[in-house]
Amino acid sequence: MRLAHQFALRLRGGDIVALIGPLGAGKTTFVQGLARALGIKKLITSPTFILLKSYRLNKPFHHIIVLTHVDCYRLHNAQQLIDVGIQDHFDNPHTITVIEWADRMISIIPSRAYWITFSFSNTDQGLSRAIIIDK
């Protein structure tokens, strides 16, 4: 949550954030942290069955008016994401688009996207988590 808050400060309208990682690695929690940092009070859950959900910010932040949260877990190909209108979100200069399971849709994610990879493992000292941000 703390990392998501810090990361949110660098976002601008039109940015795309592509999240990669196994189940339980923290992707949805990261989106919740982004939403909270942007002033969104609503409960953020992964849109696994509806694929895409948009949240309006209470007040604009760096030209951001909407956070769109996408979950590609159940999708089989990029055309399914295109069919739900993802390009409209990618092209909107007032929207931040955050995509869980983005590695399943690499072919349509614009090159300007931030890529965040989550991993974790159990060690003798407990749970170890790594988060790598790349642009």
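The structure displayed is predicted, hence computed values, not measured ones. (Residues numbered from 1 in each chain as written. Predicted model: local features only at pLDDT ≥ 70, side-chain atom pairs only at ≥ 80, totals over all residues. Heavy atoms only, no water.)

Colleague: Mind showing me how you'd approach the sheet that holds strand β6 (residues 126-134) here?
Modeller: Sheets are built from strands that pair by backbone hydrogen bonding, the pairs being arranged parallel or antiparallel. Taken in spatial order, the six strands make up an open sheet running β2-β3-β4-β1-β5-β6, and their pairing is mixed. Of all strands in the sheet, those with a lone pairing partner are β2 (52-61) and β6, marking the two edges. The average undirected angle you get between the axes of adjacent strands in this sheet is 20 degrees. Judged from the six bridges that link them, strand β3 (residues 64-71) and strand β4 (residues 95-100) form a sheet pairing that is parallel. Bridge pairing in β4 places His69 opposite Val98. On the sheet, helix α2 (residues 27-37) packs against β1 (16-20), β3, β4 and β5 (114-123) and is oriented at approximately 165 degrees with respect to β4. (Pairing = 2+ DSSP bridges. Helix = DSSP H or I, 4+ residues; strand = E, 2+ residues; numbered from the N terminus. Axes fitted to C-alpha atoms, helices over the stretch in contact; angles between N-to-C directions. Contact = heavy atoms within 4.5 Å.)

Colleague: Would you take a moment to explain the side chain of Thr97 for this structure?
Modeller: Mapped onto the elements, Thr97 comes out in strand β4. Apart from residues lying up to four places away in sequence, Thr97 is in contact with Asp15, Ile16, Val17, Thr68, Val70, Ile86, His89 and Phe90.

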